[in-house]
Structures are given as C-alpha cells and as structure tokens.
Amino acid sequence: MGLIEELQQILAPERVSQNLTVLEQHSKDESYHTPYLPEAVVFPETAQEVSDIIKLANKHRVPVIPFGMGSSLEGHVIPRGRAITIDFTRMNKIVEIREKDFLVRVQPGVTRKQLEKELKKYGLFFPVDPGADASIGGMAATNASGTTTVKYGAMRDNVRDLQVVLADGQIIHTGNLAAKSSSGYHLTGLFVGSEGTLGCFTEITLKVYGIPEQIMAARAVFPNVDEAVEAVVDIQQAGIPIARVELVDEPSIRQVNKYSQTNYKEAPTLFLEFHGNKDGLKQDVALTKAIAEDHYCQEIVFETDQALRHQLWDARHNLAYAFLHAHPGKRQMVTDVCLPITELAGAIHFAREIVTNSGLPAGIAGHVGDGNFHIIMIVDPNSADDLARAEKVNEQIVQYALERKGTCTGEHGVGIGKLKYQAKEHGGAYQIMQTIKQALDPMGIMNPYKKVENETVTHGS
Ligand SMILES: Cc1cc2nc3c(=O)[nH]c(=O)nc-3n(C[C@H](O)[C@H](O)[C@H](O)COP(=O)(O)OP(=O)(O)OC[C@H]3O[C@@H](n4cnc5c(N)ncnc54)[C@H](O)[C@@H]3O)c2cc1C
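Calculation criteria
- Residues numbered from 1 in each chain as written.
- Predicted model: local features only at pLDDT ≥ 70, side-chain atom pairs only at ≥ 80, totals over all residues.
- Heavy atoms only, no water.
- Helix = DSSP H or I, 4+ residues; strand = E, 2+ residues; numbered from the N terminus.
- Rg over C-alpha atoms; globule rule 2.2 N^0.38 Å.
- Buried < 20%, exposed > 50% of the residue type's maximum accessible area, 1.4 Å probe, protein only.
- Near = heavy atom within 4 Å.
- Polar contact = N/O pair within 3.5 Å; in protein donor to acceptor, adjacent residues only side chain to side chain.
- Areas by Shrake-Rupley, 256 points an atom, 1.4 Å probe, with all protein chains shown as cover.
- 1 Å grid on protein atoms, 1.4 Å probe; cavity = no way out; pocket = protein on both sides within 12 Å on 5 of 7 lines; lining within 4 Å.
- Sits in = over half its atoms within 2 Å of the grid points.
- Nonpolar A, V, L, I, M, F, W, Y, C, P; charged D, E, K, R; others polar.
- Domains from an automatic or database assignment.
- Contact = heavy atoms within 4.5 Å.
- Buried area = accessible area lost by both parts, 1.4 Å probe.
- Pairing = 2+ DSSP bridges.
- Axes fitted to C-alpha atoms, helices over the stretch in contact; angles between N-to-C directions.
- Core = buried A, V, L, I, M, F, W, Y, C linked by side-chain atoms within 4.5 Å.
- Salt bridge = Lys/Arg side-chain N within 4 Å of Asp/Glu carboxyl O.
- Phe/Tyr/Trp six-rings, centres within 6.5 Å; stacked < 30°, edge-to-face > 60°.
- Lys NZ or Arg CZ within 6 Å of the ring centre and 35° of its normal.

## Brief notes about the overall build of the protein chain
At step 1: The number of helices and strands found in the protein chain is 17 helices and 18 strands.
At step 2: For 461 residues, the compact-globule estimate of 2.2 N^0.38 gives 23 Å, and the C-alpha radius of gyration of the protein chain, at 22 Å, lies within 12% of that figure.
At step 3: Dimensions of the protein chain along its principal axes, counting C-alpha atoms only, are 70 × 55 × 45 Å.
At step 4: Out of the 461 residues belonging to the protein chain, those deemed buried represent 57%.

Structural data, given as structure tokens:
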C-alpha cells in the first residue's frame, strides 16, 4: 500500500488532502522564497495521530513538515523535495488554564490572538506577539519574540513544557510545571527554536502574566535614528522597566500613515509602552520623557486610552503589510540581525546606507530594546535582479552583525534563508548541532534541509 492510502487509513480520508489549492497554501510562507508543493497535507487531531503519521513517514522514508500558520519568513515550511505537510490547525484547543500557577497548556494550532482572547477572561495575558497571528506551535518552533520581549522575554523564556512527538514516533515531555529546575539537560530550550527539525510539538505549557494595573503607550519623535536609539540605551541604563520600545524609521511611518489611516509625524519614531501601577508608571514616564528630551525629542504623545493604544500597536504590527499593500504582487525580504545594544546605532546607519544603495523600496523597524531590527525590502519574486540586490543587502548586514558578535537572526529563525550563515556564526558548535540532529532524527524525516545541513539522508521515492 502506498503512503497516501496508509495515511487515509489512520486519519479520515478528508483529513488527507491532495487538493491543489490546499497544496498551494502549504507550499509557501510569507517570504520571497520560491514555493514548492508538498505531496499531501494531513490534518491530525491528536498526538497519537501525529505519532502514527511520523511512523508511516519513516516506513516510506518521506519527510514531514510541521505547519502552523505559515507566517514564517525564511522558507521554514517550504518542502525541498518530496514531503508530507502536517497542518496543526485542527489541534487548536486551550487544554487547561492554571490561573493561580500562571500557566496555560495549549495545543499547537492555537493562535496568539485566540489565546489572548481566552486569557483576558482570567485577567491574564501572554506577552509574546510576533507581527502575524501565528500559532503557538510555530512560535515555539521559531523561538519567536515580539514587541514585549524587552520585558517578558522570547518564547524560550516562556515555555515551561512541551509534549513532543519525536522523529521515531515516540511521545515525550521535555519539562515540567515547576518554576525552576536543575534536573537533566534543558531539552525544552533545545526544542524551542528547532523549527520542526527535531520533532512535532503536540502540547505546549506556557507561562502567563497578570494584566498590569496600568498600561501607558507613547510615541516619541526624534530628529534622526541615532538620537532615537541612544535614547533607548539611556532608558535601559536608567533601569526603567520599559515593556515595549520599537523603532520605526521615516519611510516606515509614511507607509503606516497610508495603510493605517494614522497621521503620525513622518520622522524616526519610538513606540513605547509602560506596564505597572499608577505611582510607578508616573515615575517611569517622567524619567523617560526627560531622557527623550535630552536626545532632542521633537514630540512625545502619551496614549492611555485603550482604543488609541490598540491603534498604535496595530499600526506597528501591520507595518510589513503596509509596505506590501503599497506594492501589489511583490513579496518581502526581511533581514533580522540582532547585536549588542551599543552596536545598534552603527548597524542601523549602515543598514540605511546599503539599502539606499540597493534602490529597493524599504523601511527599517525593530525591537530596539533587544538590539534586534529589520530591513523590510520589497522585491519582485520573479526579478533575479531584485532578489540579488536584496540578497546582497542581507549578506552585508549579516556580515556586519557577525563581526560584532551578533547573530544573523534575532527571532525569525534559520529556515532555508539563513542556513548558509550557520557554520560561520557557530564555528565548532555547529558540528555539535549537526550531531544532535543526527542523533534525534537519523533518517532525516523532520523538516530536512532547514536549520542545520544534514546531507547524509536518502529519501524514498
Ligand atoms: C508581518 C509579519 C510580522 C512578523 N513579525 C514577527 C516578529 O515580530 N517576531 C517574530 O519572532 N516573528 C515574526 N514574524 C515571523 C512569524 O510570524 C513567526 O516566525 C511565527 O512564530 C511563525 O508561526 P507560524 O504559526 O506561522 O509557523 P509556521 O510558519 O507555520 O512554521 C514555522 C516553523 O515552525 C515549525 N512548526 C510549526 N508548528 C510546529 C509544531 N507544532 N511542532 C514543531 N514545529 C512546528 C515549522 O515546521 C516551521 O519550521 C512575522 C511574520 C510576518 C508575516
């Protein structure tokens, strides 16, 4: 019996799709990388079904690709040859909320907005907020972060336990519910960020937080990017527990205004947010204002009103879509370097210079509190010239970051796009990563040719 027939036996036939539209939806992510169709897309509902799918994949030597919402930006979910895509959208239950332990256990297909809505009922929230409405499984698999990472950390800081189906079909837990542990190796840390190359997550236990008593957002406008970045360094050095601090450059503010119908002053701007109680917030805000003024801040507008705060953060989250909307039919190539904060201003300067030389429409925005920023370049995916120019910018900025002990990817992950930088960034440690991959996935079944090179594998035909 062929693989597809066997898959139809373990899942209902309607949960094994070879419909062309479904295959196309699973052939790409949100980036410029060239799509490639999987052979079929399967929709499991339980961990046991995922295990059975993976055992079949082993038997037939056909790779599997876990798929959340497909919002990744480095070709993570694009097959590189024959593959079955495992779509987790039917595993979308919030299994347990342990309100008093500040923990929530979810299936991988739960999206961050779905979780936000549910947690709100308990006065809780989960802070990690990538721009897209990604799945929690995809976010854990990419070690996603977002605008609040400066205060609450990235996914790796907020995943307490994972239920994982390994490459041989075995189902394990990587952690426990304790707030800390010195037991065993830190498998949760290893699996978070593994991009579907070591196993499939079928349940994720997350740390959640109480909604702060007071939230205040602000928009601070600066004469140039350097002053804005230096203000961020000073804010952090002053120990102000800022919850969000995002830089948006002038071309990006222009796109935001057009797309989100806002009327923000078109100049380098910091979007900020403070969380705390009334008195604490008062002090944080006053000190931040004084620091901003030291850096020639031209305008600082505070928003306590919930609707205006949401408008501000929606505008920030929709930035990439704002660029894409202005360039129909084009795709985005987004760089993602992260550096020590003291290197950030220089890196952003360099980024502006090289992207202007490239002639591509582009904006610069980033989670500057973490030293992470993006050049969002708009490219015609069918133009070899556009792609080459964007690739050159990417190469130059990655080189710049690596020379200063930064990383080629602060949050988007490696996928296929950043694979070529791995050996250079990790040196001898890269071989250890390849050894781990080989030990946990000797057949190369799990999302191969991503994250680490593992070329020893022969797949079935
Ligand atoms: C407009 C826009 C803004 C973005 N902003 C940010 C940002 O601020 N921060 C950030 O970190 N990212 C950002 N991203 C990138 C993207 O949203 C994140 O990488 C996100 O975590 C991907 O989640 P997903 O559900 O779409 O996963 P997918 O794209 O479906 O998959 C991503 C990876 O996870 C693996 N995977 C998915 N589900 C599982 C599972 N259950 N088990 C094991 N592996 C799995 C896949 O195989 C793949 O390797 C942005 C993307 C867009 C389009």
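## Digging into the site of the ligand
At step 1: Taken together, the neighbourhood of the ligand is formed by 36 residues, with Pro66, Gly68, Ser71, Ser72 and Ser135 sitting nearest.
At step 2: Pro66 is positioned such that a nitrogen or oxygen atom in its backbone is 2.6 Å from an oxygen atom of the ligand.
At step 3: Within the backbone of Gly131, a nitrogen or oxygen atom sits 2.9 Å from a nitrogen atom of the ligand.
At step 4: Protein burial of the ligand: of its 970 Å² of free accessible surface, 97% is covered by the chains.
At step 5: If you map the ligand onto the pockets, it falls in the largest cavity.
At step 6: For the shell around the ligand, the secondary structure elements donating two or more residues are β3 (64-67), α5 (136-142), β10 (199-207) and α13 (319-326).
At step 7: For the shell around the ligand, the leading source of residues is α5, giving five residues.
At step 8: Of the residues belonging to the shell around the ligand, the class tally is 17 nonpolar, 16 polar and three charged.
At step 9: For the shell around the ligand, the two domains that each supply at least three residues are domain 1 (94-210) and domain 3 (329-419).

## Side note on the domain arrangement of the protein chain
At step 1: Along its sequence, the protein chain is organised into domain 1 (94-210), domain 2 (214-320) and domain 3 (329-419).
At step 2: Between domain 1 and domain 3, the C-alpha centre-to-centre distance is 27 Å.
At step 3: Counting residues at the interface gives nine residues for domain 1 and nine residues for domain 3.
At step 4: Buried area between domain 1 and domain 3, summed over both chains or domains, comes out near 550 Å², and the portion from carbon and sulfur atoms is 38%.

## Concerning the pairing of β10
At step 1: Among the nine residues of β10, eight are classified as buried, and the element is accordingly described as predominantly covered.
At step 2: Bridge count for strand β6 (residues 103-106) against β10 is four bridges, and the pairing is antiparallel. Along β10, the bridge assignment pairs Arg105 with Thr205.
At step 3: The sheet contact formed by strand β8 (residues 159-166) and β10 spans seven bridges and is antiparallel. Within β10, the position partnered with Asp161 by the bridge is Thr205.

## Some remarks on the sheet that holds strand β4 (residues 84-87)
At step 1: Spatial strand order, β1-β2-β4-β3: four strands in an open sheet with mixed pairing. Every other strand in the sheet has two partners, leaving β1 (16-17) and β3 as the edge strands with one partner each.
At step 2: Of the strands in this sheet, β2 (40-42), β3 and β4 touch helix α3 (residues 47-60), which is tilted by about 150° from β3.

## Let's talk about the nonpolar core
At step 1: Of all hydrophobic cores here, the largest spans 51 residues; its most connected members are Leu270, Leu272, Phe274, Ile348, Phe373, Ile375 and Met377.
At step 2: Composition of this core by domain shows at least three residues from each of domain 2 (214-320) and domain 3 (329-419).
At step 3: Beyond its immediate stretch of four places on either side in the chain, Met377 contacts Arg331, Gln332, Met333, Thr335, Val355, Leu360, Pro361, Ala362, Ala390 and Val393.
At step 4: Membership of the second largest hydrophobic core comes to 28 residues, among which are Ile136, Phe191, Val192 and Leu206.

## A few points about the pattern of salt bridges
At step 1: Inspection of every chain in the model, using the stated rule, returns 26 salt bridges.
At step 2: Across the salt bridge formed by Asp385 and Arg389, the nearest N and O atoms sit 3.2 Å from each other. Residue Asp385 and its partner Arg389 are both found in helix α15 (residues 384-403); the two are separated by four residues, about one turn of the helix.
At step 3: For Asp385, a relative accessible area of 47% puts it in the partly exposed group.
At step 4: Across the pair Glu395 and Lys420 runs a salt bridge, and its minimum N-O distance is 3.4 Å. Taken together, the positions of Glu395 in helix α15 and Lys420 in the loop between α15 and α16 (422-426) put the pair 25 residues apart, joining distant regions of the chain.
At step 5: Judged by relative accessible area, which is 37%, Glu395 ranks as partly exposed.
At step 6: Residues joined by salt bridges that share partners form a network here, namely Glu96, Arg98, Asp101, Arg105 and Glu203.

## Description of α13
At step 1: Every buried residue of α13 is listed here: Leu319, Ala320, Ala322, Phe323 and Leu324.
At step 2: Where α13 is buried, its residues touch β13 (242-248), α10 (250-260), α12 (306-317), β16 (331-334), β17 (362-367) and β18 (372-379).

## A short note on the packing of aromatic side chains
At step 1: Throughout the structure, instances matching the rule amount to six aromatic pairs.
At step 2: Centroid distance Phe125 to Tyr152: 5.4 Å. Interplanar angle 90°. Geometry classified as edge-to-face. One end of the pair, Phe125, is in strand β7 (residues 124-125); the other, Tyr152, is in helix α6 (residues 149-152), with 27 residues separating them in the sequence.
At step 3: Judged by its relative accessible area of 15%, Phe125 falls in the buried class.
At step 4: Residues Tyr264 and Phe271 carry aromatic rings whose centres are separated by 5.9 Å and whose planes lie at 80° to one another, so their mutual orientation is edge-to-face.
At step 5: With relative accessibility at 7%, the residue Tyr264 sits in the buried group.
At step 6: Relative accessible area serves as the criterion here: at 0%, Phe271 is assigned to the buried category.
At step 7: The structure contains a cluster of three or more aromatic residues connected by ring pairs, namely Phe125, Tyr152 and Tyr209.
At step 8: Across from the ring centre of Tyr400, 3.6 Å away, lies the NZ or CZ of Arg404, which sits over that ring.

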